[in-house]
Amino acid sequence: MEPAPDITRAKPFLKKAREVHKKYPLFDGHNDLPWAIRNGFDMKLSNIDLSSNQSSLKIDGIPWGCLHTDIPRLKEGGVGAQFWSVFAPTSLSGSAAVQVTMEQIDLVHQLCDKYP
């Protein structure tokens, strides 16, 4: 995992930023969580608890080695809504690409059901 960025210069703006987030929640339009769950947790939501901070968890099978998303960090970051997208590698084609896409869509539905 990459070290946290130095936010020294940003500290004077943190209070105002939090006020803005409370008034205007951030809508996140890109999130690789479904792909990470597919590769790091065998597509099983029962293998991960997103209601607790998972930032220290190291995960084999995920190219970046860790989860970037969990509920506490979404709240801390002021994320008020998530647009989910699904990914299928361009190396797949035909029915294999359709299957992976449908599995990813199903996983997003499971995420929404488990973590409304």
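Per chain, residues are indexed from 1 in the order of the written sequence. Predicted model: local features are reported for residues with pLDDT of at least 70 only, side-chain atom pairs are reported and counted for 80 or more only, and whole-chain, interface and lining totals are derived from all residues. Note that water and hydrogens are dropped before the side-chain values are worked out from all heavy atoms of the structure.

In the nomenclature of an unreviewed UniProt entry, the protein corresponds to Dipeptidase from the organism Triparma laevis f. longispina. Under the heading Catalytic activity (unreviewed entry), UniProt records this for the protein: "an L-aminoacyl-L-amino acid + H2O = 2 an L-alpha-amino acid". Turning to the protein, the UniProt annotation filed under Cofactor (unreviewed entry) states: "Zn(2+)". UniProt positions are given in the numbering used here, feature names are shortened, and annotations may be inferred rather than shown by experiment.

For helices the rule is a DSSP run of H or I covering at least 4 residues; for strands it is a run of E covering at least 2, with both sets numbered from the N terminus onward. Along the protein, the regular secondary structure elements total four helices and two strands. Taken from the N to the C terminus, the helices and strands of the protein come in the order α-β-α-α-β-α. In terms of overall dimensions, the protein has C-alpha extents of about 50 × 30 × 25 Å along its principal axes. Pairs at least 24 apart in sequence give 57% of the contacts found in the protein among residues at least 6 apart. As displayed, the protein offers around 8,100 Å² of accessible surface, 58% of which is attributable to carbon and sulfur atoms. Counted charges follow a simple rule, with Lys and Arg positive, Asp and Glu negative, and His plus the chain ends left uncounted. Charge positions come from single atoms, namely NZ of Lys, CZ of Arg, CG of Asp or CD of Glu. Computing the positive centroid from 13 side-chain charges and the negative centroid from 13, the protein places the two 11 Å apart. In this analysis, two residues are considered to be in contact whenever any of their non-hydrogen atoms come within 4.5 Å of each other. For the accessible areas, the method is Shrake-Rupley and the probe is 1.4 Å, while residue cover comes only from the protein chains on display.

Ranked by internal contacts, the top residues of the largest apolar core, which has 13 residues, are L33, I37, F41, L50, L67 and L111. Put simply, the parts of the chain that give this core at least two residues each are α2 (33-40) and α4 (94-114). With three residues, α2 is the largest single contributor of residues to this core. Discounting chain neighbours no more than four positions away, the residues touching L111 are L33, P34, I37, L45, L50 and W84. Throughout, nonpolar core names a set of buried Ala, Val, Leu, Ile, Met, Phe, Trp, Tyr and Cys residues whose side chains join them through atoms within 4.5 Å. Working definition: with a 1.4 Å probe on protein chains only, accessible area under 20% of the residue-type maximum means buried, over 50% means exposed, and in between means partly exposed.

All right, on to the packing of aromatic side chains then. Two rings belonging to Phe, Tyr or Trp (six-membered ring only in the last case) form a pair when the distance between their centres is within 6.5 Å. Interplanar angles under 30 degrees mark stacking, angles over 60 mark edge-to-face geometry, and anything in between is tilted. Overall, the coordinates contain two aromatic pairs when judged by the stated rule. Ring plane angle 45 degrees and centroid distance 6.0 Å describe the contact between F27 and F83, whose orientation is recorded as tilted. Linking F27 in strand β1 (residues 26-28) with F83 in the loop between β2 (79-82) and α4, this pair joins segments that are 56 residues apart in sequence. Taking the centre distance of 4.8 Å and the plane angle of 85 degrees together, the rings of W35 and F87 count as edge-to-face. Of this pair, W35 sits in helix α2 while F87 sits in the loop between β2 and α4, and the two are 52 residues apart along the sequence. Given a relative accessible area of 40%, F87 falls into the partly exposed group.

Structurally, Q54 is set in the loop between α2 and α3 (71-76). Judged by relative accessible area, which is 11%, Q54 ranks as buried. Contacts described as polar in this section are N or O atom pairs within 3.5 Å, which, within protein, must combine one atom able to donate a hydrogen with one able to accept it, while residues neighboring in sequence count only if both atoms come from side chains. Among the polar contacts made by the side chain of Q54, one reaches the main-chain carbonyl oxygen of D49 at a distance of 2.8 Å. Those residues in contact with Q54, other than ones at most four positions away along the chain, are I48, D49, L67, D70 and R73.

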